[in-house]
Structures are given as structure tokens and as C-alpha cells.
Number of protein chains: 2
Amino acid sequence: MHFTSTQHLDGGVLERGFALGDIPGILWTPEAASASAPVPLILLGHPPLGLHGMYPRLVTRALHSAAEGFATATIELPGSGERPGWPALDNARADLRRAMQAGETVSGEIVDSLVLPLVDRAVPEWQAALDALLSLPEIGGPVGFSGGVISIGIRLAVVEPRIVAAGLFAGSLVPRAMFEEARQVTIPLHVLLQWDDEGNDRQAALDLFDAFGSKEKTLHANMGGHAGVPQFAGDAVTRFFTRHLK
Amino acid sequence: MHFTSTQHLDGGVLERGFALGDIPGILWTPEAASASAPVPLILLGHPPLGLHGMYPRLVTRALHSAAEGFATATIELPGSGERPGWPALDNARADLRRAMQAGETVSGEIVDSLVLPLVDRAVPEWQAALDALLSLPEIGGPVGFSGGVISIGIRLAVVEPRIVAAGLFAGSLVPRAMFEEARQVTIPLHVLLQWDDEGNDRQAALDLFDAFGSKEKTLHANMGGHAGVPQFAGDAVTRFFTRHLK
């Protein structure tokens with residue numbers, strides 16, 4: 001990992017672009033973080049729409065987290081943003097778009113072909129990013145994972161023991177196979193559900209919440225569509241991480 | 001209303017027993033509350049099991065609320081505690097107990113006969129208590145309702161305009177008729193659901209949440225049984241009231 005840019009943001013936050021091999025990423029740290037006062041880390045998940053377009057929402061989450069003493073980091077997903085194209089992913093996306101525009105139920109095949117390869121490719125990359133980030137002296141642990149593609153969060157919660165708590169957003173299409181993995185999750189979970197999420201199957205989200213094996217799991221359902229998560233619901237995610245990472 | 005007892009609790013909280021006609025009640029106020037600095041009020045709901053037995057849980061909620069600057073108050077429900085017996089309520093309770101012990105589904109008739117008369121009798125009493133409490137110089141407004149029999153909370157939210165926010169506990173049997181009233185609720189709601197509540201129909205609770213007409217409504221589902229609400233979930237209720245009553 002090497003840093004590609006440095007920027008000082010308001011509120012005493014350092015934003016650094018980095019490259020992990022050919023994967024771009026961003027790291028935000030409270031300026032007060034140091035080798036003698038390392039901070040916990042939250043990995044910021046996001047949909048496969050490119051870091052550039054997601055930046056405004058990511059930096060908002062990063063600044064909130066920094067104010068509570070957390071470093072945050074994210075990396076570009078495979079096939080997204082400036083990373084090399086991934087025709088299979090593009091085809092699956094196009095199938096999804098067609099089905100949704102036609103008002104059809106999105107088939108399990110489309111969901112599987114879109115999400116499962118993404119999870120398989122992305123998760124080892126997030127683990128590699130974790131290796132690199134935790135080698136920085138100003139970043140200690142423990143580590144949380146927050147938001148983005150919920151299936152990536154589920155897989156990471158199962159396979160990555162350094163992640164001790166996860167805030168998940170029940171707002172994406174979940175392959176049936178991930179329900180089995182969900183049963184293997186045991187870390188504390190905080191799950192957000194937008195009750196009227198236009199692109200989400202509410203019952204599937206509730207079933208997924210039920211499936212998680214964690215003894216501590218909390219569902220916060222709020223009114224509004226996919227992008228309408230209220231500010232107080234975001235604050236509650238931060239408090240969840242404060243409870244588990246501090 | 002006249003006060004029947006006064007006690008100073010730790011944390012600068014004044015506890016006063018009162019009688020509203022023949023209805024006993026308890027009022028907790030931060031000692032700092034005064035005519036020149038009146039505080040908002042939260043009505044503390046509870047199940048029809050008698051104030052005496054419920055006291056430990058009520059005083060815990062009262063002390064938490066007082067620390068955030070709220071007065072809290074509660075009154076005995078009709079047919080409970082030291083109030084005159086109510087044979088119809090006792091019969092309905094006995095029917096409920098028999099059905100639950102036999103492992104039968106509790107019929108709509110039992111639920112209706114238990115809850116609807118209780119709502120009809122209790123709600124005007126809570127409104128009378130509100131009249132009396134709001135006439136005290138150290139209590140201002142606005143007013144919230146928290147917990148207890150959810151159907152009482154629903155009816156109060158519909159008929160009592162002085163109640164501007166409600167924290168409801170989706171853990172009691174709800175007559176079908178209350179679903180219609182739920183659609184008429186428009187105040188902000190914070191609904192707690194214990195995911196594995198042994199005495200509760202989870203799907204009915206989710207349907208009820210869906211039915212509420214409020215634009216701001218949040219469901220917090222946590223693991224554990226009826227009495228296992230985690231501390232952090234109680235804290236979130238207090239934050240909800242802070243957001244809406246301050």
C-alpha cells in the first residue's frame with residue numbers, strides 16, 4: 001500500500017488516498033491518532049457504483065466516525081470506478097436493470113450472478129486492505145465493518161476474525177446461499193432496514209435478520225426509501241461501534 | 001390530585017406518591033425542576049400487574065429519564081394493584097392464562113375481552129392524570145408516552161393531542177380493532193420489539209408497525225425474551241424522547 005494523496009479536512013481529519021496494488025482506496029484518520037494513541041478502524045462498505053460517485057456519502061460517514069475517534073477506510077470494488085472492467089458483472093447489472101425496469105421480480109439467478117462473484121473477489125481484497133491498514137502505527141483495532149453490499153459484510157463477518165462488529169444495511173439483493181452464511185455469523189450486528197426501500201424485499205430482509213447467528217443483533221427499521229436513512233439512525237450506528245470497538 | 005408521600009432518591013430525584021380520586025400514582029421529578037424551569041413529562045406505561053410489583057422497573061426508567069431532564073409519572077391501571085377488583089378483567093386474564101398454559105393460540109375473543117375494556121377505562125384516567133400533572137408548576141410539556149400496554153399507547157396517541165411522541169413496546173396482545181386505530185396515529189413513534197418474545201406474535205408486531213400512520217416511526221428489534229430488553233435499547237428510547245420533547 002502506498003499513499004497517493006493527502007488532504008486536511010475540517011474537524012481535524014486527515015484524508016489520504018492510497019493504492020493497494022492496483023486497487024484505489026481512501027483512509028480517513030483523526031489527526032490526533034498516532035503510534036502512541038492508535039485508534040480503532042471501521043471499514044466503510046459501499047455499493048459497486050464507483051468510489052468517486054459515492055465520495056460525498058462516504059466522507060460524511062468518515063467525518064462522523066472521526067469525531068467519535070475512529071479511523072475509516074474504503075477500497076474500490078472489483079469492476080467499479082477506475083478499476084478494469086468486468087464484463088460478467090456488467091452483464092449481471094444490465095440483467096438486473098432490465099428486470100427492474102420491466103417491473104419483474106428479480107430472479108435468484110440474476111441476484112446470484114451479480115452478487116456471488118463480487119463477494120468472492122471483493123472479500124480477499126478487503127482482507128488485504130486490512131493487513132495493510134493495521135500495519136500503520138496510528139491504527140490499532142479492533143475493526144468494524146459498516147454498510148455497503150450486505151453479502152460482502154456477511155462473508156467478512158464469517159471469515160475475518162479481526163472484524164468484531166458489523167453495521168449492515170439490509171438494502172441489497174441477497175443470494176439464498178448467503179442466508180446459510182448468515183447463520184455462521186456470531187459477532188454483534190446492527191442492521192439498518194429502510195421500511196419502504198423500493199429496491200428491497202422487506203420480508204427477505206427480516207428473514208435475513210432472523211437467520212444471523214449472533215447473540216447480539218439489533219434491527220433498526222426506519223421509514224423512507226433506500227437513500228432516506230434518517231440522521232438519528234446514522235448516529236445510532238456510530239454508537240453501536242463505540243460500544244463494541246472502544 | 002393530592003400527594004400522599006414524598007421521598008428523595010439518589011441522583012437528585014423527587015418521588016411523590018399521589019392519589020387522583022381513588023387512583024394511586026407516582027410522580028418522579030428532577031429536584032432542579034421548578035416553576036421557572038419546568039420540565040417535559042413522560043407518562044410511564046406498564047402492564048396491568050399492579051404498581052407495587054412493577055415498581056423496581058418503573059423507578060429504573062424514572063431515574064434514567066430524570067437524568068436527562070424529564071419528569072415521569074404513572075398511575076395504577078383499573079382492576080390492578082390496590083384498586084377495586086374487576087371481575088371481567090380477572091376472567092379474561094384467567095382465560096388467557098389457561099390458553100397459554102395449554103399451548104393454544106390465544107383467540108381474538110380472549111384478546112379483545114382482555115384489552116379493549118382496559119383501554120376504554122384506562123385512557124380517560126391517563127388523560128385526567130395529565131390534566132392534574134400539567135397543572136403543577138414544575139411540569140411543562142411537551143408530553144410523551146412510554147411502554148406498557150401498547151393498545152393504551154395507541155389510543156392515547158390518537159385521542160390525546162398533548163402527547164407528541166410515543167415509545168411503544170410491541171410485546172402485548174393487540175386486538176384487531178387496534179390496527180385500525182394505529183393507522184390514525186401520526187406522532188413520531190419509537191417501537192421496541194423483542195425478537196424472541198415468548199408471549200408475542202412477531203408477525204403481528206411487524207404488521208402493527210407497518211400499520212402506524214406516522215411519518216416518523218422506528219422499529220428497534222433486539223434479541224431475547226419479553227423482559228430481556230438490553231440497556232442500550234432503553235438508552236435509545238431516552239434519546240428518542242430527548243429528540244422530540246426538548
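Located above this text is the structure these notes cover.
Cut-offs applied
Residues numbered from 1 in each chain as written. Chains lettered and ligands numbered in written order. Predicted model: local features only at pLDDT ≥ 70, side-chain atom pairs only at ≥ 80, totals over all residues. Helix = DSSP H or I, 4+ residues; strand = E, 2+ residues; numbered from the N terminus. Rg over C-alpha atoms; globule rule 2.2 N^0.38 Å. Buried ≥ 20, exposed ≤ 12 C-beta atoms within 10 Å, placed from the backbone. Expected span 1.5 Å × (residues − 1). Contact = placed C-beta atoms within 7 Å. Nonpolar A, V, L, I, M, F, W, Y, C, P; charged D, E, K, R; others polar. Axes fitted to C-alpha atoms, helices over the stretch in contact; angles between N-to-C directions. Left-handed = near helix turned anticlockwise from the far one by under 90°. Least-squares fit on C-alpha atoms with pLDDT ≥ 70 in both. Pairing = 2+ DSSP bridges.

Participant: Even after reading the chapter, I still don't get the overall build of chain A, so can you show me in this structure?
Facilitator: Within chain A one finds seven helices and nine strands. Rg of the C-alpha trace for chain A: 17 Å, near the compact-globule value of 18 Å for 246 residues, within the 12% margin. Taken along the three principal axes of its C-alpha coordinates, chain A extends 55 × 40 × 30 Å. Across the 246 residues that make up chain A, the buried fraction comes to 44%.

Participant: Explain unusual backbone geometry to me, please; I cannot follow it from the model alone.
Facilitator: Peptide bonds are, in most cases, trans, and in most cases residues other than glycine have a negative phi. For the bond from Gly141(A) to Pro142(A), the omega torsion is -10°, close enough to zero to count as cis. By the element assignment, Pro142(A) lies in strand β6 (residues 139–147).

Participant: Would you take a moment to explain helix α3 (residues 108–134) of chain B for this structure?
Facilitator: Owing to its 3.6 residues per turn, the α-helix aligns residues three or four sequence positions apart on the same side. Look at α3(B): 37 Å from first C-alpha to last across 27 residues, which is about the 39 Å you get at 1.5 Å a residue. What α3(B) keeps buried is the set Ile110(B), Val111(B), Leu114(B), Val115(B), Leu118(B), Val119(B), Ala122(B), Trp126(B), Ala129(B), Leu130(B) and Leu133(B).

Participant: What should I look at first to understand the interface of chain A and chain B in this one?
Facilitator: By a widely used convention, the size of an interface equals the accessible area lost when the partners come together. Residue-level contacts link 13 residues of chain A with 13 residues of chain B. For the side of chain A that touches chain B, the secondary structure elements donating two or more residues are β9 (217–222) and α7 (231–245) of chain A. In terms of residue count, the dominant contributor to the side of chain A that touches chain B is β9(A) (six residues). A per-class count over the side of chain A that touches chain B returns six nonpolar, three polar and four charged.

Participant: What's the story with the packing of helix α4 (residues 150–159) of chain A against helix α5 (residues 176–183) of chain A in this structure? I'm lost.
Facilitator: Geometry of a packed helix pair, given as the angle between the helix axes and the separation of the axes. All names here are of chain A. Here α4 crosses α5 at 35°, and the two axes come no closer than 9 Å. Crossing of α4 over α5 shows left-handed handedness. Contacts between α4 and α5 involve Ser151, Ile154, Arg155 and Val158 from the former and Met178, Glu181 and Ala182 from the latter. Across the contact of α4 with α5, the residue classes tally to four nonpolar, one polar and two charged.

Participant: Help me out: how do you make sense of the relation of the copies chain A and chain B in this one?
Facilitator: The operation linking the two copies of the chain is a rotation about an axis combined with a translation along the axis. The two copies are related by a screw motion: chain A maps onto chain B through a turn of 180° and a shift of 0.0 Å along the axis, at an RMSD of 0.0 Å. Accordingly, the operation relating the two chain copies is best matched by a two-fold axis. Minimal C-alpha distance to the rotation axis in chain A is attained by His220(A), lying at 2.4 Å. Same-surface contact between copies: 100% of interface residues of chain A are shared with the interface of chain B.

Participant: Looking at this structure, how should I read the pairing of strand β4 (residues 39–45) of chain B?
Facilitator: As a general feature of sheets, a regular strand has side chains that alternate between the two faces. Residues and elements named next belong to chain B. Along β4, seven of the seven residues are buried, which leaves the element largely enclosed by surrounding structure. Two strands pair when backbone bridges link them, and β4 and strand β6 (residues 139–147) are joined in this way by six bridges, in the parallel orientation. Pairing of Val39 across the sheet is with Ile139, part of β6. Of the strand pairs in this sheet, β4 and strand β5 (residues 71–75) are connected by three bridges, and their pairing is parallel. Bridging across to β5, Ile42 finds its partner in Thr72.

Participant: What's the story with the packing of helix α2 (residues 87–101) of chain B against α3(B) in this structure? I'm lost.
Facilitator: Residues and elements named next belong to chain B. At a minimum axis distance of 9 Å, the contact between α2 and α3 shows a crossing angle of 145°. As α2 runs across α3, the sense of the crossing is left-handed. Contacts between α2 and α3 pair Ala88, Leu89, Ala92, Arg93, Asp95, Leu96 and Ala99 from the former with Ile110, Ser113, Leu114, Pro117 and Leu118 from the latter. Looking at the contact of α2 with α3 residue by residue, the class counts come to nine nonpolar, one polar and two charged.

Participant: Can you walk me through the environment of Ala221(A) in this structure?
Facilitator: Here Ala221(A) is to be found in strand β9. For the pair Ala221(A) and Gln194(A), spaced 27 residues apart in the sequence, the C-alpha separation amounts to 5.7 Å. Ignoring any residue separated from it by four or fewer positions in sequence, one finds Ala221(A) in contact with Leu193(A), Trp195(A), Thr218(B) and Leu219(B).

Participant: Help me out: how do you make sense of the pairing of strand β2 (residues 13–20) of chain B in this one?
Facilitator: Residue and element names in this part refer to chain B. In this structure, strand β1 (residues 2–9) lies alongside β2, joined through seven bridges in antiparallel fashion. Opposite His8, over in β2, you have Leu14 as the bridge partner. If you look at the hairpin formed by β1 and β2, you'll find three residues sitting between the two strands, and Gly11 has a positive phi there, around 85°. Pairing of β2 with strand β3 (residues 23–30), which is carried by eight bridges, proceeds in the antiparallel orientation. Bridged to Leu20 within β3 is Ile23. Here β2 hands over to β3 after two residues, with Gly21 in that stretch at a positive phi of 60°.

Participant: Hey, could you run me through the environment of Leu116(B) in this one?
Facilitator: Residue and element names in this part refer to chain B. Inspection of the secondary structure puts Leu116 in helix α3. Judged by C-beta crowding, with 16 C-beta atoms within 10 Å, Leu116 ranks as partly exposed. Here the alpha-carbon distance between Leu116 and Ile152, two residues 36 residues apart in the chain, equals 9.0 Å. Once you skip the residues sitting within four places of it in the chain, Leu116 turns out to touch Pro175 and Ala177.

These figures come from the coordinates and say nothing about function on their own.
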